[in-house]
Amino acid sequence: MSWLGRFQALPRPLRMLVYASFINRAGMFVFPLLAVYLVQSRHLSTGEAGVLISVGSTGLLAGSLLSGPICGRAGRRAALVTSLLLNAIGYLGLALLDGPTWTYAALLFVALVGMGMFAPAANTLIADLTAPEQRPFAYTVSYLANNLGMGVGPLLGGIAAAYSYQLMFAGNILLGLVAAATIWLFVPADTRRVPVASPAASTRRAGLLRDLDVAVLVIVSFCYVAPLIGLEYTLPLAVTTVLHSSVAVVGAVYTINSLVVVSASLLIEKRMKAYSTRALLVVAGLLWSTGMAVLVFAFSLPAVLLSTVVWTLGEIIASVVVPTYIADHVEEHRVSGFMALNGFVLSSARLVVPMGLGFVWQTGGHQPVLLLLLLTPVVGVVAFAVLRMRPAARSVPSPAEPATASS
């Protein structure tokens, strides 16, 4: 079956979620330009803006943790719509209110709570609506839609900001509300296949111990998330201060990343079924390590571009394998909590990695930073090579399943 045919075979609510995710990401105008807005429009110093963004970014952690309980109690649709509304409310306040600096941090916190809730809830919804054999493709399509949106969003945001920061905020809020309306109209209120009663406390404790290996796998995936966040911090500084090149090179990195994602994601997904989870995660780590080694041992503009091609392939594999493994191996009523843990790992990296690498750079320069970005995925390769992993899940046909999934 062609890729388009496989996409059309996915449940309709899931296809609408993919469209909504693209719309939401394509409307992400504010976040990439937030520091510029705070300095130029709100007249904060660069130091104040940095502290404010760091404090406000704790909202990503809070949103990741809140996503699981809200998904479980109010439903996946409610969690997704709430996340988009919180993001819109926070950004509306940032655009309109003119108050003390702490109010900006509070409003950014609200906006980023919403941002942090979205991905875990979306991944939980995908787990609800797909059979095991569909999940790698569904997570790949979702990942592809998010990356395509992120390729468009900063460009559109920059154009809007050139006219007016108010237009930038208005565009972000409007597209977020369009995404929320799409989800509200086309995703059922409860997407779980079988209603699950709340388990007793003893059963929950037993479940936590039984799935401890899954939690460890998710936490270790930090080794593949940290280099991505580290590159977001390191590359702009290294390209402009070490290579003395234009910041346009950083834009080229994002363009190459998007091109590789678009051209390779579906091809990789089609071949993933032939390999075990362990093999896929080890290969992802080797690709990350190879990409970082290119930077460590041959740092130059061509090396930056070549490295991007290589590590993006590792990013694609890990981004699909981890949520698929959760959905395949965790009991349904606990999937949302594990997806929230996956989101928490990403959010914690966004807080910890730039701060840590900043101190390393300040004391030792760029080379130790690049070396750390190389060693981190190497640790991940070793860990995934020895961790306990479960065999691939098998689909269990259910007479009610097709009707529920297509509702």
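A brief report on the enclosed structure follows. Remember, predicted model here, so these are calculated numbers, not experimental data.

Points about the overall build of the chain
(1) Moving on: Regarding its fold elements, the chain presents 18 helices and zero strands.
(2) Moving on: Taking 2.2 N^0.38 as the reference for a compact globule, 407 residues should give roughly 22 Å; the C-alpha atoms of the chain span a radius of gyration of 21 Å, in line with that estimate.
(3) Moving on: In terms of overall dimensions, the chain has C-alpha extents of about 60 × 50 × 45 Å along its principal axes.
(4) Moving on: Put simply, the chain has 407 residues, and 52% of those count as buried.
(5) Moving on: Taking the contacts inside the chain whose residues are at least 6 apart along the sequence as the reference set, 85% of them involve residues at least 24 apart.
(6) Moving on: Working note: accessible area of the chain is about 17,800 Å², and carbon and sulfur atoms make up 71% of it.
(7) Moving on: Side chains of the chain give 23 positive and 14 negative charges; the mean places of these two sets differ by 4 Å.

A closer look at the nonpolar core
It is characteristic of soluble globular proteins that their nonpolar side chains tend to be buried jointly.
(1) Moving on: Membership of the largest hydrophobic core comes to 88 residues, with the highest contact counts inside it found for I183, Y224 and F384.
(2) Moving on: In terms of residue count, the dominant contributor to this core is helix α15 (residues 301–329) (11 residues).
(3) Moving on: Of all hydrophobic cores here, the second largest spans 26 residues; its members include V30, A161, Y165 and I173.

Brief notes about helix α2 (residues 12–26)
(1) Moving on: Between its first and last C-alpha, α2 extends 21 Å over 15 residues, near the 21 Å set by a 1.5 Å rise per residue.
(2) Moving on: All of the buried residues in α2 are P13, L14, R15, M16, L17, V18, A20, S21, N24 and A26.

Focus: the packing of aromatic side chains
(1) Moving on: Scanning all chains against the criterion turns up six aromatic pairs.
(2) Moving on: Ring centres 5.9 Å apart and planes at 70 degrees place the aromatic pair F7 and Y19 in the edge-to-face group. On the criterion of sequence distance, the pair formed by F7 in helix α1 (residues 3–9) and Y19 in helix α2 is long-range, its members being 12 residues apart.
(3) Moving on: Three or more aromatic residues joined by ring pairs make a cluster, and in this case those are Y37, Y91, Y165 and F169.

Criteria and thresholds
Residues numbered from 1 in each chain as written. Predicted model: local features only at pLDDT ≥ 70, side-chain atom pairs only at ≥ 80, totals over all residues. Heavy atoms only, no water. Helix = DSSP H or I, 4+ residues; strand = E, 2+ residues; numbered from the N terminus. Rg over C-alpha atoms; globule rule 2.2 N^0.38 Å. Buried < 20%, exposed > 50% of the residue type's maximum accessible area, 1.4 Å probe, protein only. Contact = heavy atoms within 4.5 Å. Areas by Shrake-Rupley, 256 points an atom, 1.4 Å probe, with all protein chains shown as cover. Lys, Arg positive; Asp, Glu negative; His and termini not counted. Charge placed at Lys NZ, Arg CZ, Asp CG, Glu CD. Core = buried A, V, L, I, M, F, W, Y, C linked by side-chain atoms within 4.5 Å. Expected span 1.5 Å × (residues − 1). Phe/Tyr/Trp six-rings, centres within 6.5 Å; stacked < 30°, edge-to-face > 60°.

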